[in-house]
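# Observations on chain architecture
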Amino acid sequence: MTRLQHFGWFLARGFGPQGWGQPALDWDYDWTRPEVYREGARLLEHAGFDLVIIEDAPSLGSPSTIDLRVRHAFGGPKHDPLLLAPSLFDATSHLGVVPTVNPAAYLPYTAARQFATLQHLSGHRLGLNVVTDTGSARHFSDAPPLGHDAAYDRAEEWLAGVRALWHSWEDDALIADSATGVYAAGSKLRPVRHRGTHYSFDGPLNALPFSDGDPAIVSPGGSPRGLAFAGTNSDVQLALAPLNEASVRDYRAKVHAAAVARGRHPDEIKVLFAVQPVITPSAEEADRIVASSARPDDSALVQIARKQSSDLETDLTSLDLDRPLDISIFGDHVSRGSIQRLLGDRGETAPLRAHLTALARMGRISDRTGFVGTAEEFADMVEELGDWGNDGVLLWGDFHPVTLHRTLDELVPVLRRRGLLRREYVDGGLHANLHAF
Ligand SMILES: Cc1cc2nc3c(=O)[nH]c(=O)nc-3n(C[C@H](O)[C@H](O)[C@H](O)COP(=O)(O)O)c2cc1C
């Protein structure tokens with residue numbers, strides 16, 4: 001049974017250099033200027049995507065490893081995605097634009113006001129990807145960083161405060177009656193007096209209420225605390241999980257149970273599974289790419305080592321590829337989960353080459369071992385996900401026009417023909433389009 005799916009694009013390098021370090025993408029775009037992003041946003045809108053999410057990490061990480069983050073531009077530089085949003089709204093009419101925001105970085109009143117302004121300016125197309133990274137805490141205050149769950153608690157307090165401010169105007173507060181000369185009734189504004197663990201502020205907000213819903217809340221955390229956050233707050237949950245039936249159904253059931261536990265209906269949250277497809281013109285080409293990825297040469301391994309060095313804030317590029325990886329080189333600031341993901345089930349005795357080779361390996365969509373395949377094969381996978389009750393997928397990549405065209409040019413007509421991708425938007429902005437089907 002085919003049913004329409006929702007499609008998002010995760011702009012994985014954020015508001016940063018697009019295509020850097022990949023000679024094939026050397027098109028002389030200036031990433032600090034809006035054109036390359038505007039071009040990408042227009043293309044996604046033509047393609048019928050619901051939203052684009054702009055990745056962000058405000059920090060360059062630990063002071064001692066900054067060079068690893070910037071040397072190959074994997075961790076920075078980056079500009080603030082919130083301030084890119086107006087330019088993308090201006091370039092499009094229907095696409096939802098979702099900058100990543102970290103509650104640590106914005107006082108609730110400032111946040112509520114800026115987001116309200118963007119929601120109005122965009123015709124209700126703003127979303128917020130709310131993340132709880134704690135490594136950037138030192139840029140915002142000298143308080144010690146919060147733990148994992150405490151950062152979610154703070155995000156929840158922050159969002160509740162932001163929402164209380166957005167709703168500080170009662171429905172009939174705005175009168176706008178030129179006959180009586182009354183614009184608004186101050187008696188209908190709620191004072192909003194918040195005294196919490198992390199924030200204290202007073203309202204009401206000096207901004208108009210929304211006619212087509214609040215900005216959409218997007219969340220990417222998959223831990224029990226992350227899913228509880230999604231259940232309480234989110235309109236869209238970004239899922240990173242194996243795409244077999246048991247795992248997809250299990251992930252969705254957990255998100256829905258979290259929503260129900262907080263008095264919400266499961267349909268209020270759309271779950272998008274993250275995928276990074278390599279769309280090929282033929283199955284033979286897909287087979288060739290997968291086969292050659294099984295035997296990466298040393299330069300391919302070095303490229304992967306560079307990205308891992310940035311993400312793990314530990315220099316792997318100077319290590320001997322053929323010696324076991326000594327995990328004592330990872331400092332305390334590196335997440336144990338990330339180290340475990342690098343080691344996989346190969347353990348600490350395997351040489352670094354084995355870990356990097358495993359990361360280089362790609363798989364075919366057709367046998368569900370990976371994401372390399374034809375547009376038809378990708379559409380089969382999306383359709384199968386839909387059969388399991390899923391809402392949609394989040395395609396993951398940079399925003400270079402070549403990347404977008406390589407991924408979408410053949411895919412869009414196939415998805416449309418098969419009734420999986422919308423042909424038109426409804427009025428009303430991001431909420432309305434997320435709930436149009
Ligand atoms: C699809 C996806 C997108 C994410 N985007 C960001 C991001 O832009 N910035 C960020 O700091 N973390 C991002 N994260 C990481 C999450 O915010 C979070 O740190 C991670 O999923 C761990 O949370 P958990 O412990 O609740 O699973 C992303 C995660 C996923 C799966």
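Structural notes, computed from the coordinates. Remember, it's a predicted structure, so these values are computed and weren't measured experimentally.

Bringing the overall build of the protein into the picture now. Helix and strand counts for the protein come out as 15 helices and 14 strands. Computed over C-alpha atoms, the radius of gyration of the protein comes to 23 Å, within 12% of the 22 Å expected from 2.2 N^0.38 for 437 residues, which places it in the range of a compact globule. Summarising its shape, the C-alpha atoms of the protein cover approximately 80 × 55 × 45 Å along the three principal directions. Counting only residues that meet the buried cut, the protein has 41% of its 437 residues in that class. Here the analysis covers contacts within the protein between residues at least 6 apart in sequence; of these, 73% occur between residues at least 24 apart.

In this structure, Pro 77 follows Gly 76 across a cis peptide bond, with omega equal to 5°. When you line up the elements, Pro 77 lands in the loop between α2 (66-70) and α3 (81-91). A cis geometry characterises the amide bond from Gly 203 onward to Pro 204, with omega recorded as -5°. Here Pro 204 shows up in the loop between β8 (200-202) and β9 (216-219).

On to the nonpolar core. Membership of the largest hydrophobic core comes to 88 residues, with the highest contact counts inside it found for Val 52, Val 218, Phe 273 and Val 393. Among the elements that take part in this core, helix α5 (residues 148-166) stands out by supplying eight residues, more than any other. Of all hydrophobic cores here, the second largest spans six residues; its members include Leu 301, Ala 305, Leu 352 and Leu 356.

What follows is about the packing of helix α1 (residues 35-47) against helix α13 (residues 401-408). As a packed pair, α1 and α13 sit with axes 10 Å apart at the nearest point and diverge in direction by 15°. As judged from the angle between their axes, α1 and α13 are roughly parallel. Handedness of the α1/α13 crossing: left-handed. Note on element contacts: α13 touches α1 through Pro 401, Leu 404 and Leu 408, opposite Glu 39, Gly 40, Leu 43 and Ala 47. Tallied by class, residues from the contact of α1 with α13 come to five nonpolar, one polar and one charged.

To continue, consider the sheet that holds strand β14 (residues 392-397). The eight strands lie next to each other as β1-β2-β3-β4-β9-β10-β11-β14, forming a closed barrel whose pairing is parallel. Along the sheet, successive strands turn relative to each other by an average axial angle of 25°, direction set aside. The pairing of strand β3 (residues 96-101) with strand β4 (residues 127-130) spans two bridges and is parallel. Paired with Thr 100 across the bridge in β4 is Asn 129.

About the criteria used
Note on numbering: residues in each chain are counted from 1, in written sequence order. Per-residue local features are limited, in this predicted model, to residues with pLDDT of at least 70; the limit for side-chain atom pairs, both in listing and counting, is 80 or more; totals at the level of whole chains, interfaces and linings are taken over all residues. Each helix is a run of H or I in the DSSP string that is no shorter than four residues. Each strand is a run of E no shorter than two, and both are numbered from the N terminus. Atoms counted for the radius of gyration: C-alpha only. Globule rule: 2.2 Å times residue count to the power 0.38. Counts of 20 or more other C-beta atoms within 10 Å of a residue's own C-beta define buried residues, counts of 12 or fewer define exposed ones, and intermediate counts define partly exposed ones; C-beta atoms are placed from the backbone. Placing C-beta atoms from the backbone, we regard two residues as in contact once those atoms come within 7 Å. By our criterion, buried Ala, Val, Leu, Ile, Met, Phe, Trp, Tyr and Cys residues that link up through C-beta atoms within 7 Å make up a nonpolar core. To obtain an axis, a line is fitted to C-alpha atoms, over the contacting stretch when the element is a helix, and the angle between two such axes runs from 0 to 180 degrees between their N-to-C directions. Any angle that falls under 35 degrees is termed roughly parallel, while one over 145 is termed roughly antiparallel, one within 65 to 115 roughly perpendicular, and all others oblique. Two helices crossing with the near one rotated counterclockwise from the far one by less than a right angle form a left-handed crossing, whereas a clockwise rotation gives a right-handed crossing. Classification convention: Asp, Glu, Lys, Arg as charged; Ala, Val, Leu, Ile, Met, Phe, Trp, Tyr, Cys, Pro as nonpolar; all other residues, Gly among them, as polar. Two strands qualify as a pair provided that DSSP identifies no fewer than 2 bridges between them.

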